[in-house]
Amino acid sequence: MLKIYTLINQNKKAAIVIGLIILGIITFLASRITLEEDITSLIPSGEQQNTLKKVLDQTEFSDKIIITVSADSSLLEPEDLIQYAQQFIDSIDQELPEYVEQIQGKVPEEGIREIYDFVYQHIPLFLNESDYSEIEKRLDKDSLKDRLRENYKSLISPTGLVTKQYLFKDPLSISALGLKKLEELQVGEDFELYNNFLVTKDHKHLLLFLSPKYPASETNKNTIFVERLEEIQSRLNKEFKGISGEFFGGVRYSVANANQIKKDIQLTLGIATIILLSLLIFYYKRIYVPILLFIPSVIGAITALAILYLIKGNISAISVGIGAVLLGISIDYALHILTHYRNNNNIPKLYKEVTRPVLMSSSTTAVAFLCLIFVKSKALNDLGIFAAISVMVASILALILIPQLYKIPKGNGATSSNFIDKLASIEFHKKKPLTLIIFILFIIGLFFFTKIKFNNDLSALNYEPQNIKQAEQHVQEIAGKAAKSIYLVSYGNTVDEALEFNNELYKKLTRLKKSNKIINYSSIGGVVLSTNTQLEKIERWKEFWPEHKKQLIQEDLIEQSDAFGFRPESFNTFYELLSSEFNPIYLKDYSGTTNLYLDDFISSKENFATVTTSVSVNEEDIPRLTKEFKSVRNVVVIDRKQINQNFLGHLRSDFNILIGYSIIAVFLILLLAYRSIEISVLTLIPIGITWVIALGIMSILGIEFNILNIIISTFIFGLGLDYSIFITNAFLKEYETGTKVLITYRTSIILSVFTTLLGIGALFFAKHPALESISLVSIIGVLSAVLVAFILQSYFLNMLFLERIARGKPAFNIRTILLNIFDKKSIDKLYYKNLVLDNYRYKSVFPTVKKMFESQKERYLKLSAFIENKETVINIYSGCGLLEIFLGYKNTEITITGIEPDINELVIAQNCFASRSSRLHFYPSVPEEAKKYDVVIISKIPTLEMEKEIKKMVNRYASKVIILDPKYSYRWIVDLNFQIDYRQNDVVVLKKME
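Bear in mind that the values here come from a model prediction, so they are computed numbers and not experimental data. (Residues numbered from 1 in each chain as written. Predicted model: local features only at pLDDT ≥ 70, side-chain atom pairs only at ≥ 80, totals over all residues. Heavy atoms only, no water.)

Caption draft 1: Structural detail: the packing of helix α12 (residues 289-311) against helix α16 (residues 378-405). Put simply, α12 and α16 touch, their axes get as near as 7 Å, and they point 140° apart. It follows from the interaxial angle that α12 and α16 lie oblique. For the crossing formed where α12 meets α16, the hand is right-handed. Counting all contacts with α12, which are made through L292, I295, P296, S297, I299, G300, A301, T303, A304, L305, I307 and L308, the residues of α16 involved are D382, I385, F386, I389, S390, V393, A394, L397, A398, L401, I402 and L405. Its residues placed into classes, the contact of α12 with α16 shows 19 nonpolar, four polar and one charged. (Axes fitted to C-alpha atoms, helices over the stretch in contact; angles between N-to-C directions. Helix = DSSP H or I, 4+ residues; strand = E, 2+ residues; numbered from the N terminus. Parallel < 35°, antiparallel > 145°, perpendicular 65-115°, else oblique. Left-handed = near helix turned anticlockwise from the far one by under 90°. Contact = heavy atoms within 4.5 Å. Nonpolar A, V, L, I, M, F, W, Y, C, P; charged D, E, K, R; others polar.)

Written as structure tokens, this is what we have:
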């Protein structure tokens with residue numbers, strides 16, 4: 001990173017040009033991606049689930065708007081209802097034609113004739129076996145005579161002009177039997193046609209059904225539509241005394257939800273943004289800082305979209321929406337770098353301090369997000385990839401761009417202090433009451449965290465204004481929907497195939513209704529038939545009407561009708577009907593009859609078609625009915641509650657698995673980064689404690705998980721992980737170098753908490769249930785994470801590392817502890833390997849030191865034999881103090897001084913727990929106060945300045961000189977009356993002659 005920084009800094013113009021070209025390319029690719037606005041992409045995949053998605057995609061259960069016109073008790077005649085409804089229809093036709101597809105509820109006279117003619121012309125298709133039994137009864141002479149008498153009375157009545165054409169065409173009223181099948185197109189028997197309008201039998205309520213042109217998701221257009229519809233309704237309510245109209249539909253809920261979300265976000269995030277911008281500008285003393293913080297995150301998101309375009313070509317819009325919220329986590333990396341840079345503008349030191357924790361945090365978070373690909377949901381798979389790429393790119397860009405673009409204000413920097421710095425300077429982990437409170441919360445959480453519930457009901461996430469809810473309840477009361485309605489959808493590759501399965505379903509529903517297992521059903525099974533079923537019905541008609549039977553009924557009709565003055569040719573049209581040649585008809589022929597409204601039941605797209613049946617059933621019977629139809633081929637049961645419970649329940653199970661995968665993946669990355677099981681566990685445990693506390697609080701407060709806030713929990717997991725990693729690295733830095741950087745790390749975490757709480761947490765003040773649930777989980781999760789990191793994690797890391805070093809003990813190490821407990825005899829008293837290496841364990845130099853000790857231990861052992869008790873030893877170029885520490889364990893009665901000009905290695909040596917001994921000292925140069933050193937060790941060729949100091953010591957005090965660098969020329973030592981006592985394995989020992 002330092003090399004990249006230097007390269008960019010030296011070639012700024014070229015870097016800007018290359019950067020803009022790359023940004024242009026990825027922006028172009030990102031703009032090409034297709035967003036799929038399909039809410040069903042959240043549903044887990046699988047054969048059954050994929051079929052359900054197809055069915056839901058084609059069937060629209062909630063787009064229609066139901067309009068009710070109701071009269072109060074003082075209104076005795078329904079004519080005013082009719083007038084209100086007609087005026088309502090006229091107003092919509094005049095004022096809202098661009099928003100309304102069609103209005104149902106009024107059947108004109110020509111529509112009734114059209115339906116009658118359609119049934120009459122295709123009568124065999126509308127008859128079943130019970131109808132043929134009824135016809136057989138009507139063929140009896142006595143029955144025929146009674147029917148002709150009734151027909152005659154109708155003809156001479158005032159309505160005779162209307163009924164004349166029907167009576168002569170069908171004296172047996174066979175068409176009436178067929179028309180009864182059309183009653184099956186609606187659920188309930190509480191309605192009738194009055195003056196061509198659908199009214200309740202008590203004439204107090206009238207219903208209209210309005211089909212909007214735009215789907216519920218088009219909230220911008222539907223907002224205008226709903227507002228203007230409300231205006232029409234309000235106007236007519238004032239005009240007609242004693243009559244009130246209201247309307248209800250999914251569109252109205254969608255508009256209310258969209259408007260409320262918009263208001264909530266504008267209010268809460270507007271206020272939060274102002275406070276947040278003010279806070280960041282105040283803290284960093286630069287007005288452009290907020291923009292600077294967001295640049296890596298925005299470019300990261302664009303890069304993710306570009307890569308997804310190259311990989312997939314499309315992405316779920318839901319995942320981008322959720323990802324935009326979750327990407328607040330990527331701002332943390334910029335905050336962390338910026339905070340360190342503000343307090344220390346030394347670029348090499350900055351990169352040394354921040355690169356490791358930032359890349360660790362981003363990689364663990366990215367892997368946690370990537371685990372979403374194991375969830376069987378397309379939207380969540382896309383979210384996992386999108387968020388993982390965004391987080392990684394944002395962290396790397398933050399490391400590259402922040403030091404380049406941020407300039408520390410002169411005269412401020414690390415010397416300036418404000419309330420955030422003061423808050424960060426509090427040593428929370430040393431406040432015993434705070435530690436006790438967090439520990440108690442954890443214990444309580446252990447009893448409650450498993451009791452948290454998952455709310456499968458998506459409707460609970462809807463914003464439901466009281467006026468709309470009341471309208472819904474009123475409509476349900478009018479429609480007599482005390483019972484619950486569920487949908488049965490037959491499907492196939494073609495319409496004919498779907499109709500075939502629907503015909504089988506229709507027969508089963510007929511049997512269930514006869515046995516009172518269902519209340520009622522609305523089906524086209526008796527009206528729209530598959531080709532095979534039509535052929536069977538036509539064949540049955542032919543069987544019923546053989547030639548001799550047709551001749552017999554003709555003779556009987558002529559004979560019996562003569563008494564009423566009918567002429568022999570009066571029923572010729574009926575005789576022609578009996579002899580007609582019927583053929584199967586197609587869906588377009590059905591659809592040609594506009595007043596059948598078959599589009600409400602049948603839907604078809606390329607290679608897939610559905611036929612919908614609505615079933616009215618008691619709620620307690622739904623599980624049994626669902627189970628019964630589950631085994632029916634090519635039929636899907638659509639019950640919103642059941643779907644939510646089944647499929648969102650699967651999603652919950654997938655999230656349980658996801659947590660397991662995430663923990664394993666994160667642990668492996670931590671293990672790779674820290675190369676220590678202990679540090680990895682101590683970094684991961686706080687996440688578990690955070691979850692127990694957060695879930696325990698949620699359970700106690702009665703806050704439930706739902707499909708939205710359980711996804712947000714991934715974000716909280718990532719934030720908590722970042723905090724844990726930052727705190728671990730802060731303590732490791734202090735443990736390794738003694739530099740107190742915990743305040744700086746705490747500052748960046750506090751800023752992260754502020755940005756998160758001001759951003760997502762501000763939604764707590766939202767009225768929309770979905771936004772409120774997201775905010776509550778975020779607030780509880782983030783506060784739990786930061787408190788655990790600042791108090792509990794810091795307490796244990798301080799106790800296990802810093803306090804032990806201060807007492808001259810090794811940092812917490814499982815292996816050493818186990819050896820001390822179970823196998824004290826196995827302690828190596830020859831090389832003291834474990835004791836020596838324990839001084840460097842968990843430090844960045846540990847691998848190097850370990851390797852060096854393995855290669856040098858024989859030489860160290862050999863030279864230690866030449867050092868006697870009570871002697872004072874000085875080692876020139878001590879490295880990280882490895883030799884001095886070894887000698888301190890090997891001989892407990894000597895005093896050792898190490899000289900190390902390299903400040904980094906000196907700091908590490910000084911912060912080893914063995915250095916707390918009064919017998920071991922480290923300096924950057926030979927102390928001015930000259931001391932007598934009996935043994936001088938030269939580990940590395942000294943500089944000219946250092947060699948002058950060495951010559952003084954050797955000449956005045958040394959009795960032995962040990963040389964470990966084979967290239968060093970020691971002739972001058974011999975000249976000082978020293979003789980070679982030992983020379984092997986690159987170890988030279990010279991003793992002063994008596």
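Caption draft 2: Quick look at the packing of helix α20 (residues 495-514) against helix α25 (residues 622-630). Two elements in contact, α20 and α25, have axes whose closest approach is 13 Å; the angle formed by their N-to-C orientations is 145°. For the pair α20 and α25, the crossing hand works out as right-handed. On α25, the residues that touch L505, K508, L509 and L512 of α20 are L625, E628 and F629. The residue makeup of the contact of α20 with α25, split by class, is five nonpolar, no polar and two charged.

Caption draft 3: How the structure looks around helix α35 (residues 903-910). Within α35, the full set of buried residues consists of L906, V907, I908 and A909. Elements in contact with the buried residues of α35: α28 (709-737) and β16 (920-923). Backbone nitrogen of N904 and a side-chain oxygen of the N-cap are separated by 3.0 Å at the start of α35; the cap is D902. (Buried < 20%, exposed > 50% of the residue type's maximum accessible area, 1.4 Å probe, protein only. Polar contact = N/O pair within 3.5 Å; in protein donor to acceptor, adjacent residues only side chain to side chain.)

Caption draft 4: Broad picture of the nonpolar core. Core analysis: the largest hydrophobic core is formed by 144 residues, its most contacted members being F801, Y840, L863 and I937. If we skip the residues at most four places from it in the chain, Y840 touches Y735, V845, F846, V849, C880, G881, L882, I885, I908 and C912. (Core = buried A, V, L, I, M, F, W, Y, C linked by side-chain atoms within 4.5 Å.)

Caption draft 5: Inspection of empty space enclosed by the protein at higher detail. One pass over the structure, following the stated rule, counts two cavities of 30 Å³ or more. The volume enclosed by the largest cavity comes to roughly 110 Å³. Every element with two or more residues in the lining of the largest cavity is listed here: α27 (677-701), α28 and α30 (769-806). Considering each element in turn, the lining of the largest cavity owes the most residues, six residues, to α27. Among the residues forming the lining of the largest cavity, the class breakdown is nine nonpolar, four polar and no charged. (1 Å grid on protein atoms, 1.4 Å probe; cavity = no way out; pocket = protein on both sides within 12 Å on 5 of 7 lines; lining within 4 Å. Points joined across faces, edges and corners; volume = space filled by probe spheres on them.)

Caption draft 6: Quick peek at the sheet that holds strand β18 (residues 960-963). Spatial ordering of the open sheet is given by β16-β15-β14-β17-β18-β20-β19, a layout of seven strands whose pairing is mixed. The strands lining the two open edges of the sheet, one partner per strand, are β16 and β19 (978-984). Here the average twist between neighbouring strands, direction ignored, is 15°. Pairing of strand β14 (residues 872-876) with strand β17 (residues 935-938), which is carried by four bridges, proceeds in the parallel orientation. Each residue of the ladder has a partner; that of I874, found in β17, is V936. Lying on the sheet, helix α34 (residues 882-890) is in contact with β14, β15 (895-899), β16 and β17; it crosses β15 at an angle near 175°. Along the sheet face, helix α36 (residues 944-956) touches β14, β15, β17, β18, β19 and β20 (987-992) and points at about 160° away from the line of β14. (Pairing = 2+ DSSP bridges.)

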